[in-house]
Amino acid sequence: MGGGGLAAKLFLDRFSNDTEPLSPENPLIVMTGPLTGTTLPGTSRFAVCARSPLTGFWGVGTCGGNFGPELKYAGYDGILIRGKAEKPVYLSIADESVELVDAADIWGQDLYAVTATLKERHGQKKKPKVLAIGPGGENQVLFAAIGNDGAHFIGRTGMGAVMGAKNLKAIVVTGTGKVLPALAEEYKEVRSRVIDKCKESMVAQSLHSMGTASSLDLGMMTGDVPIRNWRQGEFEGSGKTGGPAMTADYLTKEHACFSCPIACKRVVKVDAGPYRTQEGPGPEYETCCAFGSFIENDNLEAIIKANELCNRYGLDTISCGATIAFAMQCFEKGLLTTADTDGLELTWGNVDVALVLIEKIARREGIGELLAQGSVKAARKIGQGAEQYAVAVKGLELPAHDPRGFHGMGLEYAVGYRGACHLQHMTLYIEQGMTTFESAGFESDYSGQSSDGKARMVFLSQNMGAPAGSACLCVFVLACMDAQDAADMIRTVTGWNFGIADLLNMGARIWLLMRGLTNLMGARAKDDILPPNVMLPLDNGMAAGSVPDLEKMRKEYYELRGIDADGIPRREVLEKAGLAELAVRLDAAG
Amino acid sequence: MAYTHGTPEWEAAYVQKTKERMESQPKPYIYFMPEWVGAWENFLKADPIYKSVALPDWQGAVVLHVQKNPDFGVDQDIYVYLDLHKNECRSIRIVPSEYGKKGAYVITGSIERWMAVGKKQLDVVKGMMQGKLKLKGNLPAIVRAIKPAVRLVEAAAEVGGSMPDEWSPAQIETVRKTIKELAAEFNID
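What you see is a predicted model, and the numbers here were worked out from it, not measured in a lab. (Residues numbered from 1 in each chain as written. Chains lettered and ligands numbered in written order. Predicted model: local features only at pLDDT ≥ 70, side-chain atom pairs only at ≥ 80, totals over all residues. Heavy atoms only, no water.)

Overview of the overall build of chain B
Here is step 1 of the chain: Looking only at helices and strands, chain B has 9 helices and 5 strands in total.
Here is step 2 of the chain: Listed by position from the N terminus, the elements making up chain B come as α-α-α-β-β-β-α-β-α-α-β-α-α-α.
Here is step 3 of the chain: Against the 2.2 N^0.38 benchmark of 16 Å for 189 residues, chain B shows a C-alpha radius of gyration of 16 Å, consistent with a compact globule.
Here is step 4 of the chain: Put simply, chain B has 189 residues, and 52% of those count as buried.
Here is step 5 of the chain: Carbon together with sulfur atoms contributes 53% to the accessible area of chain B, which is approximately 8,800 Å² in total.
Here is step 6 of the chain: Across chain B, the centroid of the 25 positively charged side chains sits 5 Å from that of the 24 negatively charged ones. (Helix = DSSP H or I, 4+ residues; strand = E, 2+ residues; numbered from the N terminus. Rg over C-alpha atoms; globule rule 2.2 N^0.38 Å. Buried < 20%, exposed > 50% of the residue type's maximum accessible area, 1.4 Å probe, protein only. Areas by Shrake-Rupley, 256 points an atom, 1.4 Å probe, with all protein chains shown as cover. Lys, Arg positive; Asp, Glu negative; His and termini not counted. Charge placed at Lys NZ, Arg CZ, Asp CG, Glu CD.)

So, the sheet that holds strand β5 (residues 89-94) of chain A
All names here are of chain A.
Here is step 1 of the chain: Here we have 6 strands laid out as an open sheet, ordered β6-β5-β10-β7-β8-β9, and mixed in their pairing. With partners counted over all chains shown, the strands left at the sheet margins are β6 (97-102) and β9 (152-154), one partner each. With strand direction ignored, the average angle separating the axes of adjacent strands in the sheet is 20 degrees.
Here is step 2 of the chain: Of the pairings in the sheet, the one linking β5 to β6 comprises 6 bridges and is antiparallel in character. (Pairing = 2+ DSSP bridges. Axes fitted to C-alpha atoms, helices over the stretch in contact; angles between N-to-C directions.)

Some remarks on the packing of aromatic side chains
Residue and element names in this part refer to chain A.
Here is step 1 of the chain: Taken as a whole, this structure holds 20 aromatic pairs over all chains when the rule is applied.
Here is step 2 of the chain: Between the aromatic rings of F46 and F67, the centroid separation amounts to 5.4 Å while the plane-to-plane angle is 45 degrees, which identifies the pairing as tilted. One end of the pair, F46, is in strand β2 (residues 46-51); the other, F67, is in helix α2 (residues 67-73), and 21 residues separate them in sequence. F67 shares its class with F46; the two are buried. (Phe/Tyr/Trp six-rings, centres within 6.5 Å; stacked < 30°, edge-to-face > 60°.)

Observations regarding the pairing of strand β10 (residues 168-174) of chain A
In regular strands, side chains alternate between the two faces of the sheet.
Residue and element names in this part refer to chain A.
Here is step 1 of the chain: Across the 7 residues that make up β10, a large majority, 7, are buried.
Here is step 2 of the chain: Bridging between β5 and β10 involves 6 bridges; their strand directions are parallel. Paired with S92 across the two strands is V172, which belongs to β10.
Here is step 3 of the chain: Bridge analysis of strand β7 (residues 129-132) against β10 gives 4 bridges, and the strand direction is antiparallel. Counterpart to A132 in the pairing with β10 is A170.

Quick notes on the pairing of strand β4 (residues 78-81) of chain A
Residue and element names in this part refer to chain A.
Here is step 1 of the chain: Burial of β4 is one-sided: the residues I79 and I81 facing one way are buried, the residues G78 and L80 facing the other way are not.
Here is step 2 of the chain: The pairing of strand β1 (residues 28-31) with β4 spans 4 bridges and is classified as antiparallel. Each bridged residue has a counterpart across the sheet, and for M31 the counterpart in β4 is G78.

Quick look at the sheet that holds strand β13 (residues 280-281) of chain A
Residue and element names in this part refer to chain A.
Here is step 1 of the chain: On the basis of which strands lie adjacent, the open sheet formed by 3 strands has the order β11-β12-β13 and antiparallel pairing. The open sheet terminates on both sides in strands that have one partner only, identified here as β11 (251-255) and β13.
Here is step 2 of the chain: Pairing geometry for β11 and strand β12 (residues 265-268), over 4 bridges, is antiparallel. Pairing of K253 across the sheet is with V267, part of β12.

Examining the pattern of salt bridges
All names here are of chain A.
Here is step 1 of the chain: One pass over the full model with this rule turns up 53 salt bridges over all chains.
Here is step 2 of the chain: Here K552 ties to E556 by a salt bridge, and the two come within 3.2 Å at their closest N and O atoms. One end of the pair is K552 and the other is E556, both in helix α23 (residues 550-561) and 4 residues apart, which spans about a single turn.
Here is step 3 of the chain: The exposure class assigned to E556 is partly exposed, which follows from its relative accessible area of 29%.
Here is step 4 of the chain: For K555, the salt bridge goes to E559, with nearest N and O atoms at 3.8 Å. Within this pair, K555 and its partner E559 are both found in helix α23, separated by 4 residues, close to a single helical turn. Side by side, K555 and E559 carry an identical accessibility label, which is exposed.
Here is step 5 of the chain: Several salt bridges share partner residues, and in doing so they unite E186, E189, R193, K197, D485, D488 and R491 into one network. (Salt bridge = Lys/Arg side-chain N within 4 Å of Asp/Glu carboxyl O.)

Focus on the interface of chain B and chain A
Here is step 1 of the chain: Taken residue by residue, the interface counts 16 residues in chain B and 22 residues in chain A.
Here is step 2 of the chain: Roughly 1,600 Å² of surface becomes buried between chain B and chain A when both sides are summed, with 70% attributable to carbon and sulfur atoms.
Here is step 3 of the chain: On the surface where chain B and chain A come into contact, there are 2 salt bridges.
Here is step 4 of the chain: Across the pair D445 of chain A and K126 of chain B runs a salt bridge whose closest N-O atoms are separated by 2.9 Å.
Here is step 5 of the chain: Residues of the side of chain B that touches chain A, tallied by class, amount to 9 nonpolar, 2 polar and 5 charged. (Contact = heavy atoms within 4.5 Å. Buried area = accessible area lost by both parts, 1.4 Å probe. Nonpolar A, V, L, I, M, F, W, Y, C, P; charged D, E, K, R; others polar.)

Re the domain arrangement of chain A
Residue and element names in this part refer to chain A.
Here is step 1 of the chain: Taken domain by domain, chain A consists of domain 1 (3-174), domain 2 (211-397) and domain 3 (407-417 + 427-529 + 549-589).
Here is step 2 of the chain: For domain 1 versus domain 2, the distance between C-alpha centres works out to 24 Å.
Here is step 3 of the chain: Every contact between the two is made by 37 residues of domain 1 and, on the other side, 33 residues of domain 2.
Here is step 4 of the chain: If you sort the residues of domain 1 by the area they bury against domain 2, Y112, F143 and R156 come out on top, with a joint share of 29%.
Here is step 5 of the chain: Linking domain 1 with domain 2 are 2 salt bridges, by the criterion used here.
Here is step 6 of the chain: R156 serves as the salt-bridge partner of D316, at 3.2 Å between the closest nitrogen and oxygen.
Here is step 7 of the chain: Our count for the domain 1 to domain 2 interface comes out at 20 residue pairs in polar contact (both at pLDDT 80 or more).
Here is step 8 of the chain: For the side of domain 1 that touches domain 2, the secondary-structure elements that each account for two or more residues are α2, α3 (111-121), α4 (135-138) and β9.
Here is step 9 of the chain: Element by element, the count of residues in the side of domain 1 that touches domain 2 is highest for α4, at 3 residues.
Here is step 10 of the chain: Considering only residue class, the side of domain 1 that touches domain 2 consists of 17 nonpolar, 18 polar and 2 charged. (Domains from an automatic or database assignment. Polar contact = N/O pair within 3.5 Å; in protein donor to acceptor, adjacent residues only side chain to side chain.)

Written as structure tokens, this is what we have:
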């Protein structure tokens, strides 16, 4: 279809799964989908993929904004970058014109600065769209992000480090083409229908009025919000750090991705004080947690500042905040002392220290050199049992949704092909009741703190989310509509005879492909687990006493998905899905 | 004689009617009838949990809008108006639609949906997210007040009551008649 699925197929067909993530041989694949660049709602997205330097498995990061549509307008479905430049360069694309340009003068610039520089330099006729890395990517911080116009970020799995390892500072693109649907008349009707649903949806209204951080206030009511490196259930300051507070005190305007009626992005500014920022992208829900509840900080201005620093340096806010929270717990337990931390007191709530750590991580200075490797690798180096405090699956730090509040999310994290993931499926939205998709076979309601029926829910939600992700459709828009609408969007754009059953079958194939790729890179059943900090019950909060029954859910899920006891999809399942070649590769890998 | 909403006479007559019905009607009360609304009001006024979770700076009425369904004897929409101020429930009244629609926060749903909420089969927040209940009003304010909002609904469930799907044909006719009388006496159109 496109996106991460097509990138996985390209990788499988052309590259070795033993490729070292930061070597020139690891390809960096930027891939749009069939919906990207159409005027359908939520179709701005694209994926950036490679073998992940953070996890060692298949890495996928996705993003909205305007870059994906512009790439399509320039005439490209995707870009595959292999090798390494001898010196820093950036890639300039203007329709048919493609060139690598010396980047000596912009290497070292932060993401906001380099984006502004390149927009100015290449913006004579039309403002270009810019993908770029900051110092974090240049220094190959393993969770480095790629910025998209300095306002949207491909955060997860360290794609910025892969870009940095290629000495590639940026990709600049302008295009003059169009993306036209195959079935123009029906397309108009589908577009109008989906826009109406987005306007009607309270999920959309909530995202529009408060951004993704609106979930924080609601999440505290359901046990969704992780606190104090996932070991605390209550956080009195949470109300100060969510969507309503940001909207009331710091919002300057809303911002929308290309062709999106929701406009969930925030533009914020802290006018004065120690956490003063320029007007810029506001923190998402995940960031509000990563630099708020994860470390017991209730100062929203400091969170906005942390977000700005991560954006400028080009760091994934989730992994960065989670790694700092991990370090704080190590400090609390005496596994790290001021002798290890450059004299910094890594105490809970000490957000000023967190801000210093962001800079040290980006520059790989002092304690930052250790933490730049992410919590799992850092834990291995610290030793002394520090591994038990790293909250990650397959090396990817958990996003801010607690499996004790929502057991299905626990299963989703455990079996995910890229590690603990909140975006490449619909589990989060289904289990929390934001949408139901009953026409795709889901129950009408799921109880969060129950493990019953969750294997099937996760199975279906992956089959639903994978094709939408590969078509490059935003999950927030998807959550506002029905499965039939999603199928109709793909049908009218591609002209394929495409219904809900096709959507789910294609989803299963895409999921198996990416899971198989991660298996080829070494993942087995032993990696389909949850970290100790989330498998211990909490004493307080809305999820107190609740622990997901992972063993039961995983067993049921393996049966449904056709995965063997080693955690590998069975040959006959792969063959039935049209992935015989993958089955051969997996057999050969043993 | 029909009382005019907003006048002291309307208020006094409504309170008197509620008192009489609370004394005369058998329990469990029928959901959304004046006696049930009165019991909910009394419950909330005395509820320490609501007082503890309600926002000290809260302003604005919350209105539950029950859509008509003649199959259950409800021949017109009903607006249940919760006058909430700071951390106090000052009153709950069935009010004319024109007034109810002006509430700061209006949550609209069919009788079946409200029944599901009362039976705890539908979480009110999920219901709004899924479009099964519609919310009109300032979203950031209501999200900030999600704890008290949930408590209001929990309290309604704790008060208990007779659900429409439990009503006999005779009770449905009684509901129809009661609503008609209320409408005539209190100008509840």
